[in-house]
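Read off the chains here:
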Amino acid sequence: MNYEDDIKKRRQENREILQSLGILNLGQEHHVNKKSVTRKTQIKNSEKKILRQSLKTNLVPSRRSSRLLGKEPQTFLEEDFIPETIPAKPVTEKIKRENVFGAIPGVAVGTEFATRIEASHAGIHRPTVAGIHGNPALGCYSLALSGGYEDDVDLGDKFVYTGEGGRDLKGTKTNPKNLRTAPQSKDQILERGNLALSKNVENNLPVRVLRGYKLKSKFAPLEGYRYDGLYNVVRFYLTQGLSGFKVYKFQLERIQDQEPSPWADDFVMKENSDNADYLPEEINKS
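Attention here is on the structure that accompanies the text. Source: prediction; values computed, not measured.

1. Focus: the pattern of salt bridges
What the rule picks out here adds up to five salt bridges. We note a salt bridge from Asp6 to Arg10, for which the minimum N-O separation is 3.1 Å. Here Asp6 and its partner Arg10 are both found in helix α1 (residues 3–20), four residues apart, which amounts to about one turn of the helix. The exposure class assigned to Asp6 is partly exposed, which follows from its relative accessible area of 25%. As a salt-bridge pair, Asp228 and Arg226 come within 2.5 Å of each other at their nearest N and O atoms. For the pair Asp228 and Arg226, one class covers both residues: buried. Three or more residues joined by partner-sharing salt bridges are found here, namely Asp154, Arg211, Arg226 and Asp228.

Okay, here's the thing in structure tokens:
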């Protein structure tokens, strides 16, 4: 018996075994069931059929090339396109000015600024952080009152301004953060801004004053910064501050021959002052 006959014999034996078990009926053809059509496929086929019918009845026009239809292609001119207009942000123009003493032309007393940068661009107070703007050899051009020193006293037409320096702005071991309002840690020296302010006393030069919303005074603006006019530096002296270290104090008084102060008429005062009704001994002596 060759190999093929052996295979046929084995297949026949297997069929007989399956037939005896009732699993397979000899002579019955084995049909493979086709995969049943799912509901999703039926819907998809139905949509295709509807689309074909609609194309035949021209309900849905098919795309055709203008070139194939013998038409000239549509052209668009540059003026046909309207660019989207985006409103530009208002930019405060920075005008180049020389450092001058006195009033700035065009900036009235009571002018308010949203930021220190706006006040700088207007020429009222150039520095955006420092409180004193001046030249040690010539004098101080302007001051910004923002509540940076605990020894400051503000009475509106008069105020006592604490000089700069004597604070470690790089921080300490316990507080290494760089703070612009670090506590007083040493005596102040008559240099830089302090020296510039002292020149105003000698030369009788006016100082522009800018008050900020952070100032703890009822004369401070409710928000932003405000130009309050010109002041004279009456005198300065070295004294022990509240921190125990020596600080320079400068007494300033508002010049009378100028526009009225913002608080002269209907002025809403800020109710956050620690010294609004306190007349310091230094001013009493003047």
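2. A closer look at the packing of aromatic side chains
As enumerated under the stated definition, the model contains six aromatic pairs in all. Aromatic side chains Phe219 and Trp263 sit 5.2 Å apart centroid to centroid with 65° between the ring planes, which places their arrangement in the edge-to-face category. In this pair, Phe219 sits in the loop between β6 (206–212) and β7 (225–240) while Trp263 sits in the loop between β8 (246–254) and α5 (281–284), placing the two residues 44 residues apart along the sequence. Ring plane angle 25° and centroid distance 5.7 Å describe the contact between Phe236 and Phe250, whose orientation is recorded as stacked. Of the two residues, Phe236 sits in strand β7 while Phe250 sits in strand β8, which places them 14 residues apart along the sequence. Note on Phe250: relative accessible area 0%, which makes it buried. Cluster of aromatic residues (ring-pair linked, three or more members): Phe236, Tyr248 and Phe250.

3. Things to note about a nonpolar patch on the surface
The grouping of Ile17, Leu18, Leu21 and Ile23 at the surface amounts to a nonpolar patch, some 400 Å² of accessible area in total. Structurally, the position occupied by Leu18 is in helix α1.

4. As for the pairing of β8
Across the nine residues that make up β8, a large majority, seven, are buried. Of the strand pairs in this sheet, strand β5 (residues 158–162) and β8 are connected by five bridges, and their pairing is antiparallel. Opposite Val160, over in β8, you have Gln251 as the bridge partner. Here nine bridges tie β7 to β8, and the two strands are oriented antiparallel to one another. From the neighbouring strand, Phe236 faces β8, where its bridge partner is Phe250. Between β7 and β8, which follow one another and run antiparallel, lie five residues, and Gly244 among them has a positive phi close to 100°.

Cut-offs and rules
- Residues numbered from 1 in each chain as written.
- Predicted model: local features only at pLDDT ≥ 70, side-chain atom pairs only at ≥ 80, totals over all residues.
- Heavy atoms only, no water.
- Salt bridge = Lys/Arg side-chain N within 4 Å of Asp/Glu carboxyl O.
- Helix = DSSP H or I, 4+ residues; strand = E, 2+ residues; numbered from the N terminus.
- Buried < 20%, exposed > 50% of the residue type's maximum accessible area, 1.4 Å probe, protein only.
- Phe/Tyr/Trp six-rings, centres within 6.5 Å; stacked < 30°, edge-to-face > 60°.
- Patch = residues over 30% accessible without salt bridge, like charges linked within 9 Å, V, L, I, M, F, W, Y side chains within 5 Å.
- Areas by Shrake-Rupley, 256 points an atom, 1.4 Å probe, with all protein chains shown as cover.
- Pairing = 2+ DSSP bridges.

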